[in-house]
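As a plain string of letters, each chain reads:
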Amino acid sequence: MVEELVLAGAAAVGAGAVYLMAAARVVKQYERGVVFRLGRLRDSVRGPGFTLVVPFLDRLTKVNMQIVTMPVPAQDGITRDNVTVRVDAVIYFKVIDAADALVRVEDYRFAVAQMAQTSLRSIIGKSELDDLLSNREQLNQGLELMIDSPAVGWGVQIDRVEIKDVSLPETMKRSMARQAEADRERRARVINADAELQASKKLAEAAGVMSDQPAALQLRLLQTVVAVAAEKNSTLVLPFPVELLRFLERAAPTPPAPGAVPGAPPAAVGEAGPVPVRDEPASVPDEVVPVPDEEAAVLEREVPVRGSRAPSEVPGPVSGQPETGPRTPGTGQA
């Protein structure tokens, strides 16, 4: 009899141990346990620690309540200003209601991932390239709102969304590089022009001071010579004052005009000066032929000199030619 009681007790203890082992569950601190009894959701959600369920009737499902970091695959899209870009992001979310995360959606992780990809493509199409590159905070907030709106009904809370990288085509990168270079060059030119303006104002003030004190210009010249000589140069360049050149130019006499009479007053404005006379050489015959004295005498008798003829001598007509003029009475033929 005693042996039977011992065996029965041992069997009960064994059965209790087996039941305890089958019903015992441990829920970790960052988890929550959702119990389904015969497929029906129990009202209470098991907290962290040791808990018991009915073996073969209850099924305990553990849900992680930690923040999950999920990378969003890169999405190709066209921005509002018709630029093809490739954008990837990362999303941070956590489960705030374990029962809804298991009952409302089949796989909340996959659902959040697909919703993130769809929202990212939508943000790309609504934004411009400059906003994607420089105004990411506002885009991150808009993307977070777009994903969080449907995720609230799933028992999931979107903690943060960040755009990681924006990939551009090579042609667009070169265009942006040229634009940035042109902008930097423009700013450099503006700064250089501003510096030139300030320097010119200071130089004008310095010139005014030096004009009042001529010795200041000489001191400045000596300072320049000292600065050049400090470099241990073998050649020393001494600048020549421009004022001295102007003084010498004013002191030099003005050369007379070509052809002007020495001592004559200068011609007035609008009057013509004396015309220069050129000394031209007398024409010389090419060849002088000597004439004998007898022939020269004959020529002198035959060819009278003009103006030496007597008034009474009137040439008569040449023999064989008729007279062309009237004849004077009493005048014979020569």
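For the structure, check the block above.
Description of the structure in this document.

**Focus: the overall build of the chain**
Here's step 1: A tally of regular secondary structure across the chain gives nine helices and eight strands.
Here's step 2: Here the chain holds 334 residues, and 19% of them are scored as buried.
Here's step 3: Considering only residue pairs separated by 6 or more positions, the chain has 62% of its internal contacts joining residues 24 or more positions apart.
Here's step 4: About 26000 Å² of surface is accessible on the chain, with carbon and sulfur atoms providing 58% of the total.

**What to know about the pattern of salt bridges**
Here's step 1: Counted by the stated rule, this structure contains nine salt bridges.
Here's step 2: For D76, the salt bridge is made with R86, and the minimal N-O distance between the two is 2.9 Å. Pair noted here: D76 is in strand β6 (residues 68-78) and R86 is in strand β7 (residues 84-95), with a separation of ten residues, a long-range link.
Here's step 3: The shortest N-O distance in the salt bridge between D100 and R104 comes to 4.0 Å.
Here's step 4: Take R104: its relative accessible area is 55%, and that puts it in the exposed class.
Here's step 5: One network of salt bridges, in which partners are shared, links D183, R186 and R187.

**Digging into the side chain of T79**
Here's step 1: When you line up the elements, T79 lands in the loop between β6 and β7.
Here's step 2: Discounting residues that sit within four places of it in the chain, T79 has contacts with V85, I124, G125, S127, E128, L129 and L132.

**With respect to a nonpolar patch on the surface**
Here's step 1: On the surface, a cluster of nonpolar side chains totalling about 390 Å² of accessible area is made up of L20, V26, F50 and L52.
Here's step 2: Structurally, V26 is set in strand β1 (residues 24-27).

**Some points on unusual backbone geometry**
Here's step 1: Of note, the phi angle at L38 is positive, near 55°, even though the residue is not glycine.
Here's step 2: Assignment of secondary structure puts L38 in the loop between β2 (31-37) and β3 (40-46).
Here's step 3: Located in the positive-phi region is N82, a residue other than glycine, with phi close to 60°.
Here's step 4: Secondary-structure assignment places N82 in the loop between β6 and β7.

Basis of the calculations
Residues numbered from 1 in each chain as written. Predicted model: local features only at pLDDT ≥ 70, side-chain atom pairs only at ≥ 80, totals over all residues. Heavy atoms only, no water. Helix = DSSP H or I, 4+ residues; strand = E, 2+ residues; numbered from the N terminus. Buried < 20%, exposed > 50% of the residue type's maximum accessible area, 1.4 Å probe, protein only. Contact = heavy atoms within 4.5 Å. Areas by Shrake-Rupley, 256 points an atom, 1.4 Å probe, with all protein chains shown as cover. Salt bridge = Lys/Arg side-chain N within 4 Å of Asp/Glu carboxyl O. Patch = residues over 30% accessible without salt bridge, like charges linked within 9 Å, V, L, I, M, F, W, Y side chains within 5 Å.

The values reported here are purely geometric and, on their own, carry no functional implication.
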